[in-house]
Amino acid sequence: MRSFRIQKLLPLAVSLILISSLIAFTPYQKNYVFIDNETDDLAAYVPVESRFFQIIYTHSIHLSEVIESYKIVDGDALMMTELEYEDFNIGMPSNAGEGETFVEQDGKYFIKNMTREIPEFRLFVGDVDAGLSFSTSGQQMDLKKTLERGKSYTFRVERLSLFQLREGVRIDER
C-alpha cells in the first residue's frame, strides 16, 4: 500500500518541481536593464510599460541639462529619436544629420526625427553631484540613488526570469 502511494506521488512531485523551475527560470517580462560592466551582473531594472524613455543628465563640462529620447523598435533594439540640449560646447552636436531636423526654440536646441538604431549603450555614472535620471511612463527615477558612482553600465532591453529579477534592484519602486 505504501509503495503504491509513493508510485503515485513521485511523478506528481517531479512534475511540480519541473513546472516550478520552468516558471522561475523562463524569461517572460521585458525590462529596461542596467548591467554592471565589470561583473556582467544585473544591477538594476525597470519593467517596460512604455516603449518610450529618456535619459536626462547634466553635461559634465557646461553643466546644462541634456535629454536623450529613445524608443524600443524591432523587438529589443533601441532607437534614439530626439536630442535636447542648451549649449554647443564640447560633446554636443552643432547640426542635425541626414534626414534629421535641427530646431532652436526657447533657448534650447533640438535634433528631431532621429533614427539612430542601436542594440544597447554604455552609461557611465560619474562621481560628481550632477543629475542623471531615467524617465518612462511619466515617472523620473534618479539613477545615482541606485547605481554606483564611478562605474559604467550597459543599458538594454531584455526579458528577465523571476530568478533574474531577484538579482537586481527594481528602480521604480525605490
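Everything discussed here concerns the structure shown above.
Residues numbered from 1 in each chain as written. Predicted model: local features only at pLDDT ≥ 70, side-chain atom pairs only at ≥ 80, totals over all residues. Heavy atoms only, no water.

Caption draft 1: Representation of the sheet that holds strand β2 (residues 42–47) in the model. The 5 strands lie next to each other as β9-β12-β1-β2-β13, forming an open sheet whose pairing is mixed. At either end of the open sheet lies a strand with only one pairing partner, and these are β9 (121–125) and β13 (169–170). Relative to strand β12 (residues 151–160), strand β1 (residues 29–36) runs antiparallel, the two being bridged by 8 bridges. Opposite Asp 36, over in β12, you have Tyr 153 as the bridge partner. (Pairing = 2+ DSSP bridges. Helix = DSSP H or I, 4+ residues; strand = E, 2+ residues; numbered from the N terminus.)

Caption draft 2: Highlighting the pattern of salt bridges. The full count for this structure, using the stated rule, is 10 salt bridges. Here Glu 82 makes a salt bridge to Lys 112, at a shortest N to O gap of 3.3 Å. Of the two residues, Glu 82 is situated in strand β5 (residues 77–85) and Lys 112 in strand β7 (residues 108–112); the sequence distance between them amounts to 30 residues. Notably, a salt bridge pairs Arg 156 with Glu 120, separated by 3.0 Å at the nearest N-O pair. Of the two residues, Arg 156 sits in strand β12 while Glu 120 sits in the loop between β8 (116–118) and β9, which places them 36 residues apart along the sequence. On the basis of relative accessibility, which here comes to 24%, the residue Arg 156 falls in the partly exposed class. Residues joined by salt bridges that share partners form a network here, namely Glu 120, Arg 122, Arg 156 and Glu 158. (Salt bridge = Lys/Arg side-chain N within 4 Å of Asp/Glu carboxyl O. Buried < 20%, exposed > 50% of the residue type's maximum accessible area, 1.4 Å probe, protein only.)

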